[in-house]
There are 2 protein chains.
Amino acid sequence: MIKIEGGVTAPKGFKAAGLRAGVKPTATKKDMALIVSECDAVCAGTFTLNKVKAAPVKWDQAIVDTRETVRAMVANSGVANACTGVKGMENCRIMAEAVAKHYDGMVAEDVLVLSTGVIGAQLPMDVICKGADMLVDALDDSVQAADDAANAILTTDTRKKEIAVQIEIDGTTVTIGGMCKGAGMIHPNMGTMLGFITTDVAINKELLVKALKGNIDDTFNMVSVDGDTSTNDTVVIMANGMAGNKLIDKEDESFEKFNQALYVINEYLAKSIAGDGEGATKLFEVQAYGAATKEDAKLLSKAVVCSSLTKAAVFGRDANWGRILCAMGYSGAEFDPEVVDITLKSEAGELAIVKDGVATDYSEEFATEILSQNPVIAIVDAKAGASSATAWGCDLT
Amino acid sequence: MIKIEGGVTAPKGFKAAGLRAGVKPTATKKDMALIVSECDAVCAGTFTLNKVKAAPVKWDQAIVDTRETVRAMVANSGVANACTGVKGMENCRIMAEAVAKHYDGMVAEDVLVLSTGVIGAQLPMDVICKGADMLVDALDDSVQAADDAANAILTTDTRKKEIAVQIEIDGTTVTIGGMCKGAGMIHPNMGTMLGFITTDVAINKELLVKALKGNIDDTFNMVSVDGDTSTNDTVVIMANGMAGNKLIDKEDESFEKFNQALYVINEYLAKSIAGDGEGATKLFEVQAYGAATKEDAKLLSKAVVCSSLTKAAVFGRDANWGRILCAMGYSGAEFDPEVVDITLKSEAGELAIVKDGVATDYSEEFATEILSQNPVIAIVDAKAGASSATAWGCDLT
């Protein structure tokens, strides 16, 4: 697998655009993005578990649940189109049609819609429709076009987030590109997370769905406080088959290769979101090992990464193992605190700070040095089983 | 029921003291407290659910689980005696003995021990033992003595928290006094919560336990983020019977009267903790009605009160109903967002901002006026059943 330049336009047959339509109040900010595939692309998506689902979430979910393929993804930032009732749903359709009308044979249901921004406000449809026209005109398969799209979806983010990788499947080069938005708003709440993935792999619907869902649980779902899902959280993927590989239609080696590459994309994007919290200075990764169950491993890693006290200790370069142990203790996971190991790790090295539940006689100076790097990794071993999980967050200034 | 001056020394037969022994580094801060009953007092306690339990939690739990009565509670701030192994348990006993030795027939197990402060450090036992001697000398039944004790248990708190109430049971005056410590440290984590309750009611052990446990679920347990319980959280109560009422030994009217008065004490103390977050300017109360189950009502009220976005909106005097609805949506409770009502309330008045899932055409000016008062109350009606719950927190600056 190699990492290549660019983002969603890296795979064959995908064009993108990002520009300012006028949804956001700030006159200099891009606020609409479009990705179009030359041909029908198999689609899959994962969506927020929040009971309150924004109109575009309902629109997309209905499409990926009932259709094999789509042709495009259109997005806006500035207004979330959430809590907008019947009119919000109508506006989703109008936004999709504003793209579809430019292409022969394309219908509104060929277009996935993603929105992020203020809850409760209706989309300014004149602006959105004019924006869709401009986006179609601006479509391009360049790195710059992908970059424009990646910038247009941001809200409270401090930087764009995109990636592209290539793998060989049966001697054929397959490319996957991705972009996302999302950042810690006011700790511990995350803003909306939107993920857009494009690939030229040839894969059937069932396995594309399987790969995406399997990935999301261990990536995007490991960056937020449990349950804190916004009204709009969405990750969608389009696979247009233009790489020309033999269709992946069973869980063979080719599927595994694709699945692993997709994981790399999702992990990169999820970590980019985790490290982009308001006022955050570094990425904080917590690896939980030796948990009794996978669920317990997730509880442990999330409890530590989400604890403000732990996050503040990482910022303060203070190897406060008591706070880590306390967070493990209230995680809900089953373990015996008196056998736990805790290790800190970064580019500066690795240091065991708790061994068998007791603080080691570690060098505070070295601990501070480890905590001064970016990223900082805490490794907790519960010694209660064989399951593991990794969660990501940021420090807290 | 009447509210009277004072705290833990208000009930008959209780003396208290609070002073500086030298546990805390700051030379001006009180750091040890003692409460002694003239005679044996029936005891009960509730303790942290954290897997990592501090030594004094284990000490106290063993006592209230196996003994009918105790005579005293001794406490220190500055060092939590948590994650301190066998030595920490030994130090608990030494601390209890340092009090017990001053009284004929009193043993270490007659003394409950409560600690709060830094995790992982051992108690300075010379300081603690000298402090215990000084405390015994300083014991007094005055309002000032209770006040000294209430001050000596504080850590990150910005103010002392104490209360006393009187009720009539069968024509006899019964008094309950209480004090606590606890405050939001770094949002959303709470510091350790310690609660000390004294009463001269005559009640048997079983019913004292029942009253305390029933109360705590709806008071102290409704101020923290779910699961965020420290290594040391403890609420203990001593009932010495000196009021002379007929022993409460069944769930009759007398029990109900006592139970309700104890609830008032616990609610007051819990709200005092909730409103004392770092940088908080006001108490934020969330009442959830119409939930399908009591558990759902708790999930709803806690999700809203714990959401940073909602707390920041309260501080910003911004009636952001989208944030409230979003928090309800990720609470895990079952409800239909399209029928929900949301109301804001304070001394300035009451305002329906969402009716049947749709924002009302409310006056933003009046909403801002409501949110400018202290406390601010948000009332959410899920219209999914008949259960209700109230949670408390603070705004977020």
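Look up a bit, the structure's there.
Before going into details, it helps to say that this report is about the structure given with it.

### Some remarks on the sheet that holds strand β10 (residues 283-291) of chain A
All names here are of chain A.
No. 1: Pairing is mixed across the open sheet formed by six strands, whose spatial order is β13-β12-β11-β14-β10-β15. The open sheet has two edge strands, β13 (358-359) and β15 (387-394), and neither has a second partner.
No. 2: Sheet topology note: the β10/strand β14 (residues 376-381) ladder contains six bridges and is parallel. Counted as the bridge partner of phenylalanine 284 is valine 376 from β14.
No. 3: Across the sheet, helix α7 (residues 294-306) touches β10 and β15, and the angle it forms with β15 is around 25 degrees.
No. 4: Of the strands in this sheet, β11 (341-346), β12 (349-355), β13 and β14 are in contact with helix α9 (residues 321-330), which crosses β11 at around 120 degrees.

### Focus on the pairing of strand β14 (residues 376-381) of chain B
Residues and elements named next belong to chain B.
No. 1: Of all six residues that make up β14, five are buried, and the element is covered over most of its length.
No. 2: With five bridges connecting them, strand β11 (residues 341-346) and β14 associate as antiparallel partners. Across the sheet, aspartate 341 pairs through a bridge with aspartate 381, a residue of β14.

### Observations regarding the nonpolar core
No. 1: Ranked by size, the top nonpolar core spans 76 residues in total, and within it Ile203, Phe258, Met328 and Ile342 of chain A carry the most contacts.
No. 2: Looking at this core, the element that brings in the most residues is helix α6 (residues 253-274) of chain A, giving nine residues.
No. 3: In this structure isoleucine 342 of chain A touches Trp321, Ile324, Leu325, Met328, Leu351, Ala352, Ile353, Val354, Ile379 and Val380 of chain A, once residues within four positions along its chain are discounted.
No. 4: Ranked by size, the runner-up nonpolar core spans 75 residues in total, among them Val223, Leu262, Leu269 and Ala327 of chain B.

### Quick notes on unusual backbone geometry
Glycine aside, residues mostly have negative phi, and peptide bonds are mostly found in the trans state.
No. 1: A cis amide bond, omega 0 degrees, links histidine 187 of chain A with the succeeding residue proline 188 of chain A.
No. 2: At the junction of asparagine 374 of chain B and proline 375 of chain B, the peptide bond is cis and its omega measures out at 0 degrees in the coordinates.
No. 3: The residue proline 375 of chain B is located in the loop between α10 (364-371) and β14 in this model.
No. 4: Positive phi, normally seen in glycine, also occurs at aspartate 356 of chain B, with a value near 55 degrees.
No. 5: Relative to the helices and strands, aspartate 356 of chain B is located in the loop between β12 (349-355) and β13 (358-359).
No. 6: Given a relative accessible area of 41%, aspartate 356 of chain B falls into the partly exposed group.

Rules of the game
- Residues numbered from 1 in each chain as written.
- Chains lettered and ligands numbered in written order.
- Predicted model: local features only at pLDDT ≥ 70, side-chain atom pairs only at ≥ 80, totals over all residues.
- Heavy atoms only, no water.
- Pairing = 2+ DSSP bridges.
- Helix = DSSP H or I, 4+ residues; strand = E, 2+ residues; numbered from the N terminus.
- Contact = heavy atoms within 4.5 Å.
- Axes fitted to C-alpha atoms, helices over the stretch in contact; angles between N-to-C directions.
- Buried < 20%, exposed > 50% of the residue type's maximum accessible area, 1.4 Å probe, protein only.
- Core = buried A, V, L, I, M, F, W, Y, C linked by side-chain atoms within 4.5 Å.

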